[in-house]
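The primary structure of each chain is shown beneath.
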Protein chains: 2
Amino acid sequence: MNTDPNPDPFEPESKERLRLWLRLLKTTRLVEAELRERLRLEFATTLPRFDVMAALHRHPKGLKMSELSRFLMVSNGNVTGIVDRLAEDGFALREQVPGDRRAARARLTQKGKEEFIRQAEAHEAWLDAMLAEIGPDIASDLSTALARISDKFED
Amino acid sequence: MNTDPNPDPFEPESKERLRLWLRLLKTTRLVEAELRERLRLEFATTLPRFDVMAALHRHPKGLKMSELSRFLMVSNGNVTGIVDRLAEDGFALREQVPGDRRAARARLTQKGKEEFIRQAEAHEAWLDAMLAEIGPDIASDLSTALARISDKFED
DNA sequence: AGGAAGTATTTCAAGTATAAAATTTTAAGC
DNA sequence: GCTTAAAATTTTATACTTGAAATACTTCCT
């Protein structure tokens, strides 16, 4: 489906890759901005809070702070503050890990779980609308191509 | 090239789109994190500073603060601080716009321009290596598909 | 001219983000 | 058992980010 396979044979491939990167960045930021605004308006929350809640929802037994940090690819000190604020609102809590007094496991409260489910349903519907241009087969191809990039970072 | 066109005919398309989004986010964050670290180690700078310098480099006559803000899709108040810090380091400066005493145009200094060129060359080489898995034709297809998403946000 | 509405920018408060240092606890080697 | 290394988390300092309010100037309408 590539309609213009080689517009300028003298242009290096690196320029084409740079263009791809800029497009990737722009698309991601547009979608992110839209999600952030809707989360703010409809649920009075933020994207980082949503991300943390999503991670905790996928792990009902809870996650250690360091696991959360790795999973979300954000710094260690960062999750401390986000979980603090979620705890203040009664959406999450910390539990001591038995047998290791260094570690604490964060998990959702019942209230947090219910709230997250509401948010996640809206989130999925918003995304579905935003990516409506992309049919399921193209979505799958795109995912595969993107996976090829991110797989290079495994180490 | 879609090797698995319909893994579960009962799964809604929205799940496939959600997966695509998560993959998009993960890939972008991985590449961004790598670029940020390299900019820090090799040039003692940050991604937002690089982005501002790139925008100013593309517009040698300078950009108004509000134009910079729109171009980079970041908030108005945000660019103020970044340009402030670039100015402290002698990489950028503000000029009054003649005929409109509200507006100021930011542009690169000669020192800033030279520094940016060094950084941009390294940046392009890093990206080329990170996206090496993606050939130019696939890069072009990918860009087209992503453009279909971001074009929906024009208004 | 004079005022309302709009535009450009900065300031502000709160939250997010990083890297690095500090703290506390656990595990390993000898 | 004692020391040292490793691990988990928090704290610190600095920068980035947003949305909203404040400030200053411009334009438009009458």
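Residues numbered from 1 in each chain as written. Chains lettered and ligands numbered in written order. Predicted model: local features only at pLDDT ≥ 70, side-chain atom pairs only at ≥ 80, totals over all residues. Heavy atoms only, no water.

Engineer: Can you break down the protein's contact with DNA strand D residue by residue, with the values?
Structural biologist: Ser66(A), Ala104(A), Thr46(B), Ser75(B) and Arg85(B) are the nearest of the 25 residues found near DNA strand D. Atoms of DNA strand D within 4 Å of the protein: sugar and phosphate make up 76%, bases the balance. One of the backbone N or O atoms of Ser75(B) is found 2.6 Å from a phosphate oxygen in DNA strand D. Those elements giving two or more residues to the surface near DNA strand D turn out to be α3 (65–72) and α4 (76–88) of chain A together with α2 (47–58), α4 (76–88) and β3 (100–108) of chain B. Across the surface near DNA strand D, the residue classes tally to seven nonpolar, nine polar and nine charged. (Near = heavy atom within 4 Å. Polar contact = N/O pair within 3.5 Å; in protein donor to acceptor, adjacent residues only side chain to side chain. Helix = DSSP H or I, 4+ residues; strand = E, 2+ residues; numbered from the N terminus. Nonpolar A, V, L, I, M, F, W, Y, C, P; charged D, E, K, R; others polar.)

Engineer: Report on the UniProt feature "domain: HTH marR-type" (unreviewed entry) in chain A, specifying residues and quantitative values.
Structural biologist: UniProt records the feature "domain: HTH marR-type" (unreviewed entry) for residues 17–151 of chain A in the present numbering. Across residues 17–151 of chain A, the secondary structure splits into 71% helix and 9% strand, with the terminal C-alpha atoms separated by 17 Å. (UniProt positions renumbered as here; feature names shortened; annotations may be inferred.)

Engineer: Could you give an account of the sheet that holds strand β1 (residues 63–64) of chain B, naming the residues involved and the relevant values?
Structural biologist: Residue and element names in this part refer to chain B. Spatial ordering of the open sheet is given by β1-β3-β2, a layout of three strands whose pairing is antiparallel. Of all strands in the sheet, those bounded by a partner on one side alone are β1 and β2 (92–97). In this structure, β1 lies alongside β3, joined through two bridges in antiparallel fashion. Looking across to β3, one finds that Leu-63 is bridged to Ala-106. Each of β1, β2 and β3 is contacted by α2, which is oriented at about 100° to β3, the strand it contacts most. (Pairing = 2+ DSSP bridges. Contact = heavy atoms within 4.5 Å. Axes fitted to C-alpha atoms, helices over the stretch in contact; angles between N-to-C directions.)

Engineer: Before we move on, could you go through the protein's contact with DNA strand C and cite the residues and values that matter?
Structural biologist: What surrounds DNA strand C is a group of 24 residues, the closest being Thr46(A), Ser75(A), Arg85(A), Ser66(B) and Arg102(B). When the atoms of DNA strand C within 4 Å of the protein are grouped by moiety, sugar and phosphate amount to 76% of the total. A distance of 2.6 Å separates a phosphate oxygen of DNA strand C from a polar atom in the side chain of Ser66(B). Separating a phosphate oxygen of DNA strand C from a backbone N or O atom of Ala104(B) is a distance of 2.7 Å. Listed by contribution, the elements that provide at least two residues to the surface near DNA strand C are α2 (47–58) and α4 of chain A together with α3 (65–72), α4 and β3 of chain B. Its residues assigned to classes, the surface near DNA strand C shows seven nonpolar, eight polar and nine charged.

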